[in-house]
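Descriptive structure summary
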Amino acid sequence: MNLQIIHEVNGIQKDYVRNKIRDYNYMHFPDELKGRYQEVNLLLQDTEGNLCGGIIGEICWNWLEIHYLYVEQEYRKLGYGKKLMSEVEKIAKDKQCEFIKVDTLSFQALDFYKKDGYEVFGVIQNAGRHTHYYLKKNI
């Protein structure tokens, strides 16, 4: 039998890979953490319903991971990012997560996360000619 690599995949195929790695991982985690997966999506919108930012992330076992945090330029430095982070931390605590992790590039929000108590635990130099930071906050 010869296997081939396919570059274009559909949702069912992506789910296959995702579910197979989750099944494998479940064999290695304690029972109380199994099945602890939940998407966390928070949106920031104005009174007319226009999207102005949000957080996209997930709870996975004993942590919450933020994949994306964005606030429109005109609303930055007004406390909305902090409000989103406070809400995501509340969700993490309610779901009994032990920490939150996030990554950011040097031109993005490193100081923002540090001010909120996140600590750098990993760094990759020359990521698109920038520095890529990995941060964690115990809760």
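Residues numbered from 1 in each chain as written. Predicted model: local features only at pLDDT ≥ 70, side-chain atom pairs only at ≥ 80, totals over all residues. Heavy atoms only, no water.

What to know about the sheet that holds strand β1 (residues 37–45)
Taken together, six strands build an open sheet; the order of strands is β1-β2-β3-β4-β6-β5 and the sheet is mixed. Of all strands in the sheet, those bounded by a partner on one side alone are β1 and β5 (119–127). Pairs of neighbouring strands in the sheet enclose a mean axial angle of 20 degrees, with direction left out of account. Note that β1 and strand β2 (residues 51–60) share nine bridges and pair antiparallel. Following the sheet pairing, leucine 42 is matched in β2 by isoleucine 55. Against the sheet, helix α2 (residues 80–94) contacts β1, β2, β3 (63–71), β4 (99–105) and β6 (130–138), and its axis sits at roughly 160 degrees relative to β3. (Pairing = 2+ DSSP bridges. Helix = DSSP H or I, 4+ residues; strand = E, 2+ residues; numbered from the N terminus. Axes fitted to C-alpha atoms, helices over the stretch in contact; angles between N-to-C directions. Contact = heavy atoms within 4.5 Å.)

Looking at the packing of aromatic side chains
By the definition in use, this model includes eight aromatic pairs. Considering the side-chain rings of tryptophan 63 and phenylalanine 99, the 5.8 Å spacing of their centres and the 20 degrees angle between planes classify their relative orientation as stacked. Highlighted residues: tryptophan 63 in strand β3 and phenylalanine 99 in strand β4, separated in sequence by 36 residues. Judged by its relative accessible area of 14%, tryptophan 63 is buried. Relative to tyrosine 80, the ring of tyrosine 75 has its centre 6.1 Å away and its plane inclined at 90 degrees; by these criteria the two rings are edge-to-face. Members of the aromatic cluster, each reached through a chain of ring pairs, are Tyr26, Phe29, Trp61, Trp63 and Phe99. The cationic tip of arginine 22 hangs over the ring face of tyrosine 37; the distance from NZ or CZ to the ring centre is 4.0 Å. (Phe/Tyr/Trp six-rings, centres within 6.5 Å; stacked < 30°, edge-to-face > 60°. Buried < 20%, exposed > 50% of the residue type's maximum accessible area, 1.4 Å probe, protein only. Lys NZ or Arg CZ within 6 Å of the ring centre and 35° of its normal.)

Function cannot be read off these values alone, since they describe shape.
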